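Each chain is listed here by its residues.
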Amino acid sequence: MEKKEQLYEGKAKKVFATQDPALLIVQYKDDATAFNGLKKGTIAGKGVINNQMSNRLMKMLEAEGIPTHLVEELSQRETLVRRVQIVPLEVIVRNIAAGSFAKRYGVEEGTVFDQPTIEFSYKNDALGDPLCNAYHAEALKLATEAELAAIRDYAFRINALLKKFWRECGVTLVDFKLEFGRLPDGTIVLADEISPDTCRLWDSKTGEKLDKDRFRRDLGGVEEAYAEIMQRLNARLGAQA
């Protein structure tokens, strides 16, 4: 597949056109940002890990009936995906209080919820990605009632599948962010990525953070944490192969 002009560059990825208008190439970068871009840095090898981890997990989810934008991995850093219209909502599923949730509501980090919770943020950097509910999303015409219902259903199903997978890797899935897109026929599919950039992943025994919080909070050992989580994923999926 031929990579043509660059269409977009975000905080962690570049997107390129191809000779097929229905397909795009996503290239993962090592750039790291936090706090809506206020903190910037580089995590060596992050792009390779996030690309390959996202693809392996999306293939696993597709086998369980979750539609995604994935077509095929082209290289360590590049993946061919279906072109979608991104629904401008960040979908955050939380199993344990951490990060902004703990701070916002004065809950001790590490508090386990009786059941998973879900929240939406309006994807708008200029506004700081404000929280919104389903009524706001409909009023702003970000998504329809039917689309929101599909997104919620997929998000909770993905959570159940990923919790089980990571538990088998000795990892606790604390929370994670998803993004969804519309295919030309209106079908909702999982898009973006699933990686240590978008998930909070704690070692099940020690509670050690194996995700982007090591960068956000200046904990050190960022590259080592990303490599460790990838090693566990490969060990688990390799055992299933």
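Our subject is the structure that appears above.
Bear in mind the structure is a predicted one, so any value in this text is a computation, not a measurement.

Turning our eyes to something else, we now look at the overall build of the protein. Of regular secondary structure, the protein possesses six helices and 14 strands. In terms of overall dimensions, the protein is globule-like: its C-alpha atoms have a radius of gyration of 17 Å, near the 18 Å expected for 241 residues. Across its three principal directions, the C-alpha atoms of the protein cover 50 × 40 × 35 Å. In the protein, which comprises 241 residues, the proportion classed as buried is 51%. When contacts within the protein are restricted to residue pairs at least 6 apart in sequence, those whose partners lie at least 24 apart make up 57%. Carbon and sulfur atoms make up 50% of the accessible area of the protein, which totals about 11600 Å².

Time to look at the pattern of salt bridges. Tallied over the full model, the rule gives 27 salt bridges. A salt bridge links glutamate 168 to lysine 164, with the nearest nitrogen and oxygen atoms 2.8 Å apart. Separated by four residues within a single helix, glutamate 168 and lysine 164 lie in helix α4 (residues 145–168), roughly one turn from each other. Between aspartate 175 and arginine 200 there is a salt bridge, with the nearest N and O atoms lying 3.0 Å from each other. Of this pair, aspartate 175 sits in strand β12 (residues 171–182) while arginine 200 sits in strand β14 (residues 199–203), and the two are 25 residues apart along the sequence. The exposure classification of aspartate 175 matches that of arginine 200, with both residues buried. Residues participating in the shared-partner salt-bridge network are Arg94, Arg104, Glu109, Glu119, Asp175, Arg200, Lys209, Asp213, Arg216 and Arg217.

Once that is clear, we can look at the environment of tyrosine 226. If you trace the backbone, tyrosine 226 turns up in helix α6 (residues 222–240). For the pair tyrosine 226 and glycine 99, spaced 127 residues apart in sequence, the C-alpha separation works out to 19 Å. Leaving out residues up to four positions away in the same chain, tyrosine 226 has contacts with Ile43, Lys46, Ile49, Asn50, Pro196, Asp197, Asp211 and Lys212.

This paragraph deals with the sheet that holds strand β3 (residues 23–28). Strand order in the open sheet formed by five strands is β1-β2-β3-β7-β6, and the pairing between neighbours is antiparallel. Two strands bound the open sheet, and with one partner strand each, they are β1 (6–9) and β6 (70–73). Strand-to-strand twist across the sheet, computed as the mean angle between neighbouring axes with direction ignored, equals 25 degrees. Strand direction decides the pairing type here: β1 and strand β2 (residues 13–17), joined by three bridges, are antiparallel. When the bridges of β2 are listed, glutamate 9 appears paired with lysine 14. Helix-sheet contacts for helix α1 (residues 46–63) involve β3, β6 and β7 (78–82), and the interaxial angle to β6 is about 130 degrees.

This part is about the nonpolar core. Note that soluble globular proteins tend to have their nonpolar side chains buried in a common cluster. Counting residues in hydrophobic clusters, the biggest one holds 49 residues, and the most contacted among them are Ile158, Leu162 and Trp166. Ranked by residues supplied to this core, first place goes to α4 with eight residues. In this structure isoleucine 158 touches Leu61, Ile66, Phe176, Leu178, Phe180 and Leu190, once residues within four positions along its chain are discounted. By size, the runner-up hydrophobic cluster in this structure holds five residues, among which are Val15, Val26, Tyr28 and Val81.

A few words on the pairing of β6. Successive residues of a regular strand alternate their side chains across the two faces of the sheet. Inspection of the sheet shows β6 paired to β7 by three bridges, in the antiparallel sense. The partner of glutamate 72 across the bridge, within β7, is leucine 80. Connecting the antiparallel pair β6 and β7 is a turn made up of four residues.

At aspartate 129, a position not held by glycine, the phi torsion is positive, near 50 degrees. Of note, aspartate 129 is situated in the loop between β10 (112–122) and β11 (131–132). The backbone phi angle of aspartate 192 is positive, close to 60 degrees, even though this residue is not glycine. On the secondary structure map, aspartate 192 appears in the loop between β13 (188–191) and β14.

Thresholds applied
- Residues numbered from 1 in each chain as written.
- Predicted model: local features only at pLDDT ≥ 70, side-chain atom pairs only at ≥ 80, totals over all residues.
- Heavy atoms only, no water.
- Helix = DSSP H or I, 4+ residues; strand = E, 2+ residues; numbered from the N terminus.
- Rg over C-alpha atoms; globule rule 2.2 N^0.38 Å.
- Buried < 20%, exposed > 50% of the residue type's maximum accessible area, 1.4 Å probe, protein only.
- Contact = heavy atoms within 4.5 Å.
- Areas by Shrake-Rupley, 256 points an atom, 1.4 Å probe, with all protein chains shown as cover.
- Salt bridge = Lys/Arg side-chain N within 4 Å of Asp/Glu carboxyl O.
- Pairing = 2+ DSSP bridges.
- Axes fitted to C-alpha atoms, helices over the stretch in contact; angles between N-to-C directions.
- Core = buried A, V, L, I, M, F, W, Y, C linked by side-chain atoms within 4.5 Å.

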